[in-house]
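Examining the three-dimensional arrangement
Letter by letter, the chains look like this.
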Amino acid sequence: MRLSIAIATATAVGIVVLGANPAAAAPGPVPAPTPSSGAPGQTGPAPVTWGVAPSSPTGPNGRASFGYKLDPGAKVTDYVAVTNHSARPLTLSLYASDAVTTPQGGFDLLPGAQRPVDVGSWVRLTASTLTIPSTSRVDVPFTLTVPDNATPGDHTGGIVATLAATSTDRQGNQVAVDHRVGARIYLRVTGELRPALALEDLQVRHRGSANPFGGGEIVATATIRNTGNVRLAGQPAIDAAGLFGLGRRGASGAALPQILPGDAIQATVRLPGVPPLFRLTVTTTVVPAAVDSQVRDPAPATASQVTTVWAVPWFHLLLVALVAGAVWALLTARRRRRRRAARHLEQAVAAAREQGRAEAVATVAATPAEQPSGTGGRPRQPESRTPETAPETPTAPPGSES
């Protein structure tokens, strides 16, 4: 698929987008719209559009991109069609460049001012400047020569038709604009293929949830680099578990777009609903996948890294602390009541004893003391005597003598 985008910069560097999936590309060229020049609100030249597509000596042949499989030292001749869809003539610059993968996974070419060092430098066009009449097409031949010392694997680039123009930004400043449209080049140099992806700058963190009973979220962010020599896609995933595998969960991230050899993209995988089990073991993996529908035998190795993160259940600990505090306060209050009751009982017993002593003393004080005989002694209590009766005179029995 051949798409285009025009981006205005003060350094006259544009960006070309050469499609996201060659297999889904349309056979014909997709025109590139170019905004008219002049200040906002002013009438300028009519917009111009053009397209770039693989071709043959007689015109586009339905190929989505330039695809080759060549040996080192091989040479091939091909054609690129540049079509002017505008109602006026266009003068375009034509050149080849190397492809790069943006950090977000997009496909791009080197800026026009930067010299290519890979497949873009192996292309020789028969024309570098084209003046194309309105609604016309030019089929330009070119040759691609693979160096004898070319490394095996994939080499990716593109052929670009560019139009330099000036425009006015929102602040009214004049800026140079480089509008670029291109078609991709996919070259595979024969030899040993080494498909491999690697995880770099991996960062794993745990985020708590507003729902304390719903679990938190693990977020893994990494740079995924193509360390092999073929284009690869991939599937990132993470797996998290607590001690002894408790609460194990896993999730897969979005499928990765193609990553060119040596390039890298940023990827993020989120795993929700992870219980806070204090210390979690997180395994981050990325499984390489082919982008050219070819089966790799043996299959590329899975890139993997194991990290640990802390997931402290603060809410649960706070809840436990509150419950423990409430139980402690209840037990403390009950213990204080018991001590207070025991103290009151002791006080009541002591008061009763004191009252008993006081009553005993009062009783003793109220009893009269006995006065002892003689001087210096206690007064003796008077003794009560029973009146003595005279002894009875025995009476003689009758008839006895006195």
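Reading guide: rules and limits
- Residues numbered from 1 in each chain as written.
- Predicted model: local features only at pLDDT ≥ 70, side-chain atom pairs only at ≥ 80, totals over all residues.
- Heavy atoms only, no water.
- Salt bridge = Lys/Arg side-chain N within 4 Å of Asp/Glu carboxyl O.
- Helix = DSSP H or I, 4+ residues; strand = E, 2+ residues; numbered from the N terminus.
- Buried < 20%, exposed > 50% of the residue type's maximum accessible area, 1.4 Å probe, protein only.
- 1 Å grid on protein atoms, 1.4 Å probe; cavity = no way out; pocket = protein on both sides within 12 Å on 5 of 7 lines; lining within 4 Å.
- Points joined across faces, edges and corners; volume = space filled by probe spheres on them.
- Nonpolar A, V, L, I, M, F, W, Y, C, P; charged D, E, K, R; others polar.
- pLDDT = per-residue confidence, 0-100.
- Contact = heavy atoms within 4.5 Å.
- Polar contact = N/O pair within 3.5 Å; in protein donor to acceptor, adjacent residues only side chain to side chain.
- Core = buried A, V, L, I, M, F, W, Y, C linked by side-chain atoms within 4.5 Å.
- Phe/Tyr/Trp six-rings, centres within 6.5 Å; stacked < 30°, edge-to-face > 60°.
- Lys NZ or Arg CZ within 6 Å of the ring centre and 35° of its normal.
- Pairing = 2+ DSSP bridges.
- Axes fitted to C-alpha atoms, helices over the stretch in contact; angles between N-to-C directions.

A few words now on the pattern of salt bridges. Where charged atoms from two side chains of opposite charge approach closely, those side chains can pair. As enumerated under the stated definition, the model contains nine salt bridges in all. A salt bridge links D108 to R180; the shortest N-O distance between them is 3.9 Å. Of this pair, D108 sits in strand β8 (residues 107–109) while R180 sits in strand β13 (residues 174–189); the two residues are 72 residues apart in sequence, bridging distant segments of the chain. Taken individually, D108 and R180 each receive the classification buried, so the pair is uniform in this respect. Among the salt bridges present, the one from D139 reaches R137, with a minimum N-O distance of 3.1 Å. Judged by its relative accessible area of 38%, R137 falls in the partly exposed class. Members of the salt-bridge network, linked through shared partners, are D154, R188 and R231.

Tallied over the full model, the rule gives three cavities of 30 Å³ or more. Put simply, the largest cavity is a space of about 50 Å³. What lines the largest cavity is simply L199, L202, A220, T221, A222, I224, P236, A267, T268, V269 and T284. Every element with two or more residues in the lining of the largest cavity is listed here: β14 (197–207), β15 (216–226) and β19 (264–274). In terms of residues, the lining of the largest cavity owes the most to one element, β15, which gives four residues. Class assignment for the residues of the lining of the largest cavity results in eight nonpolar, three polar and no charged.

What follows is about the confidence of the model for the protein chain. Mean pLDDT over the protein chain works out to 81, with 78% of the residues at or above the 70 mark. No element of the protein chain has a lower mean pLDDT than strand β1 (residues 4–8), which averages 33, and none a higher one than strand β9 (residues 123–125), which averages 97. Taken together, the stretch residues 1–31 has pLDDT below 50 and engages in 88 contacts with residues farther than four places along the chain or on a different chain. In the predicted structure, residues 34–43 sits below a pLDDT of 50 and forms 14 contacts with residues beyond four places in sequence or in another chain.

A word on the side chain of N226. Residue placement: N226 occurs in strand β15. Engagement of the side chain of N226 in a polar contact is seen with the backbone oxygen of I259, the distance being 2.8 Å. Apart from residues lying up to four places away in sequence, N226 is in contact with A196, L197, R231, L232, I259, L260, P261, G262 and D263.

What follows covers the nonpolar core. Y68, L144 and L187 are the most contacted members of the largest nonpolar core, which has 32 residues in total. Elements that contribute at least two residues to this core include exactly β3 (48–56), β5 (66–70), β6 (75–84), β7 (90–101), β10 (129–132), β11 (136–145), β12 (153–168) and β13. Ranked by residue count, the leading element in this core is β13, at five residues. Sequence-distant contacts of Y68, that is, excluding residues within four places in its chain, are made with R63, V76, D78, F142, L144, I185, Y186, L187 and R188. Listed in part, the 26 residues of the second largest apolar core include I259, A267, L271 and L280.

A separate point is the packing of aromatic side chains. Inspection of every chain in the model, using the stated rule, returns two aromatic pairs. Consider the rings of F66 and F142, whose centres lie 5.3 Å apart with planes at 90 degrees: the pair is edge-to-face. With F66 in strand β5 and F142 in strand β11, this pair connects stretches of sequence that are 76 residues apart. Judged on exposure class, the residue F66 and its partner F142 are both buried. Note that R184 overlies the ring of F107, its terminal NZ or CZ placed 3.9 Å from the centroid.

This part takes up the sheet that holds β15. Taken in spatial order, the three strands line up as β14-β15-β19 in an open sheet, and their pairing is antiparallel. At either end of the open sheet lies a strand with only one pairing partner, and these are β14 and β19. The sheet shows a mean angle of 15 degrees between the axes of neighbouring strands, direction not considered. Relative to β19, β15 runs antiparallel, the two sharing 10 bridges. By the bridge assignment, E217 is partnered in β19 with P272.

Most peptide bonds take the trans configuration, and most residues that are not glycine carry a negative phi. Of note, the phi angle at T135 is positive, near 45 degrees, even though the residue is not glycine. Assignment of secondary structure puts T135 in the loop between β10 and β11. Taking relative accessible area as the criterion, T135 reaches 59% and is therefore assigned exposed. Here F278, not a glycine, exhibits a phi torsion of approximately 65 degrees, which is positive. With respect to the element layout, F278 can be found in strand β20 (residues 278–290).

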